[in-house]
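Summary of the model geometry
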Amino acid sequence: LNALLDPPYTGNASTATASGSDLPDGGKDIVHEIWQRGGRREVGGPTKQELMKFVIDTVSRLLKLAPGWDGKRARRVDPKAAVAMCRLIESLIADDSADPQITPLSDGGLSTEWLVGGASLEIRVTPNLSWSIWAEDQDGRELFDAEFERPGQGRARIEQGRRFLADVSKNVRFRRSRQL
Amino acid sequence: VSDSASVERRSIDDEHTLYRRIPDWGNRDLLVQDAVTGVWRPSSGSLDFDPDASVYCREILLDHQLSWRSIVASPLSVVYAFTAREARVEFHDVEHTPYQQGYAEDQPHEIAHCSIWARHPETGEALPPGQLRKRAKRLASRARFVNFDPMVGKLLEMPNP
């Protein structure tokens, strides 16, 4: 998967769990200690590069799922759909974005959801590379919903999704990318 | 009893509880966490249709001295529940479909297998993909975990080996 993605997301980018507990003057960095325990408003969220490392690690793991991973008839995650999903996520996130949460689908596709205070942005990619994007506000009201036949389509919706994600990500307090 | 044809089909009452089993490999890949509250819920993708969504009826399991624990599979499964009434708000029907082809061997819980069909609750017509995922998301969002604490994101009970 890494070979299919462009730099800079091909290197050893992970600093997401690096310790930040000691200050240069020898004092204790309480802010980072709280941040590492989770459950508090974070100071200094992950960079886009760190989030993409989390995405690629997750997708790489999901690509290894055997057929029937759901206990029924689920198909393997399609590698092309996985790459398309990574590229879509890359186009939506920025530094400090909420964590993308990636779910395998039984047809071999992938779904990714950002869930922030009840507001959500979700994208899906099917094995034939058609994809969809939709967003709801915190009260469950639909903000937009669109489907496209190919990954290269839908730039205006991606921009809309990017703005939505940047807005809701200001409120992030929990990150699963730091828990796993 | 191990084939569908020889098992009596039961009607599923609105009050019956339906269990949905989702695999977990230790990474909660079919769950999502709210980044503000920290509370977990099933992902919309956890209620997937191919062409039906498989669930297990609590009342039928109990009639056969089984429980939700009987549907937990290796290595781990998170189980969540909703009522048939809640499912019928979003989808056309819930049907008892015991022992679907290929799932009869050594799986007694399959006698309680039910199918939720991806059709409109009122018209019965097939749901387009966009409608399907929204309805699945609403139903999954309303579900209640059986063996998972959504506040701390951990399984409450480990299945038997």
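In what follows, the accompanying structure is described. Since the structure is predicted, the reported quantities are computational estimates derived from the model, not experimental observations.

A few points about the environment of W68(B)
All names here are of chain B. Within the secondary structure, W68 is located in the loop between α1 (58-63) and β5 (77-83). Classification of W68 as buried rests on a relative accessible area of 12%. Once the C-alpha coordinates of W68 and V79 are considered, the two residues, 11 residues apart in sequence, prove to be 7.6 Å apart. In this view, W68 contacts Y19, L61, V79, V146, N147 and E157; residues no more than four positions away in its chain are not counted.

Structural notes on the sheet that holds strand β2 (residues 110-116) of chain A
Strand order in the open sheet made by the 5 strands is β1-β2-β3-β4-β5 (chain A), with antiparallel pairing throughout. Strand pairing shows two members of the sheet lacking a second neighbour, β1 (101-104) and β5 (142-148) of chain A, which therefore form its edges. This sheet shows a mean twist of 10° between the axes of neighbouring strands, independent of strand direction. Sheet topology note: the strand β4 (residues 131-136) of chain A/β5(A) ladder contains 6 bridges and is antiparallel. Directly across from I133(A), in β5(A), lies its bridge partner A146(A). Contacting β1, β2, β3 (119-125) and β4 of chain A, helix α3 (residues 79-92) of chain A runs over the sheet at an angle of about 145° to β3(A). Packing against the sheet, helix α3 (residues 129-142) of chain B makes contact with β2, β3, β4 and β5 of chain A, and its axis sits at approximately 135° to β5(A).

Notes on the pairing of strand β7 (residues 113-117) of chain B
Residues and elements named next belong to chain B. The buried fraction of β7 is high, at 4 of 5 residues. As judged from the 5 bridges shared by strand β4 (residues 52-57) and β7, these two strands associate in the antiparallel manner. Residue pairing in the sheet places A53 in a bridge with I116 of β7. Bridge analysis of strand β6 (residues 94-96) against β7 gives 3 bridges, and the strand direction is antiparallel. Paired with H96 across the bridge in β7 is C114.

Concerning the interface of chain B and chain A
The interface of chain B with chain A comprises 35 residues on the first partner and 41 residues on the second. Together, the buried faces of chain B and chain A total about 3200 Å²; carbon and sulfur atoms form 42% of this surface. At the surface where chain B touches chain A, the tally comes to 12 salt bridges. For E110(B), the salt bridge is made with K72(A), and the minimal N-O distance between the two is 3.2 Å. Counting across the chain B and chain A interface gives 28 residue pairs in polar contact (both at pLDDT 80 or more). Sorting the residues of the side of chain B that touches chain A by element identifies β1 (17-23), β2 (31-33), β3 (40-42), β4 and α3 of chain B as the ones contributing at least two each.

Section: the packing of α3(A) against helix α4 (residues 155-168) of chain A
All names here are of chain A. The N-to-C vectors of α3 and α4 enclose an angle of 60°; their axes lie 8 Å apart at closest approach. Between α3 and α4, the crossing angle belongs to the class labelled oblique. Here L88, S91 and L92 of α3 come into contact with α4, specifically with I158, G161, R162 and L165.

Observations regarding unusual backbone geometry
Following D50(B), the chain continues to P51(B) via a peptide bond in cis, the omega torsion being -10°. In this fold, P51(B) is placed in the loop between β3 and β4. Phi at D96(A) is positive, roughly 75°, even though this residue is not glycine. With respect to the helices and strands, the residue D96(A) is situated in the loop between α3 and β1. With relative accessibility at 39%, the residue D96(A) sits in the partly exposed group. Phi at R28(B) is positive, roughly 55°, even though this residue is not glycine. Looking at the secondary structure, you find R28(B) in the loop between β1 and β2.

A word on the packing of helix α2 (residues 48-62) of chain A against α3(A)
Residue and element names in this part refer to chain A. Following both chains from N to C, one finds α2 and α3 inclined at 160°, their axes separated by 11 Å at the closest point. When the axis of α2 is compared with that of α3, the two are roughly antiparallel. Classified by chirality, the crossing of α3 by α2 is right-handed. On the side of α2, the interface is formed by K48, M52, V55, I56 and V59, while α3 contributes A82, C86, I89 and E90. Split into classes, the residues belonging to the contact of α2 with α3 amount to 7 nonpolar, no polar and 2 charged.

A word on α3(A)
All names here are of chain A. Over its 14 residues, α3 runs 20 Å from end to end, which matches the ideal 20 Å to within 8%, given 1.5 Å per residue. Within α3, the full set of buried residues consists of A81, A82, V83, A84, M85, C86, L88, I89 and L92. Summarising the contacts, the buried residues of α3 are in contact with α2, β1, β2, β3, β4 and α4. The N-cap residue of α3 is D78: its side-chain oxygen and the backbone nitrogen of K80 are 2.9 Å apart.

About the cut-offs
- Residues numbered from 1 in each chain as written.
- Chains lettered and ligands numbered in written order.
- Predicted model: local features only at pLDDT ≥ 70, side-chain atom pairs only at ≥ 80, totals over all residues.
- Heavy atoms only, no water.
- Helix = DSSP H or I, 4+ residues; strand = E, 2+ residues; numbered from the N terminus.
- Buried < 20%, exposed > 50% of the residue type's maximum accessible area, 1.4 Å probe, protein only.
- Contact = heavy atoms within 4.5 Å.
- Pairing = 2+ DSSP bridges.
- Axes fitted to C-alpha atoms, helices over the stretch in contact; angles between N-to-C directions.
- Buried area = accessible area lost by both parts, 1.4 Å probe.
- Salt bridge = Lys/Arg side-chain N within 4 Å of Asp/Glu carboxyl O.
- Polar contact = N/O pair within 3.5 Å; in protein donor to acceptor, adjacent residues only side chain to side chain.
- Parallel < 35°, antiparallel > 145°, perpendicular 65-115°, else oblique.
- Left-handed = near helix turned anticlockwise from the far one by under 90°.
- Nonpolar A, V, L, I, M, F, W, Y, C, P; charged D, E, K, R; others polar.
- Expected span 1.5 Å × (residues − 1).

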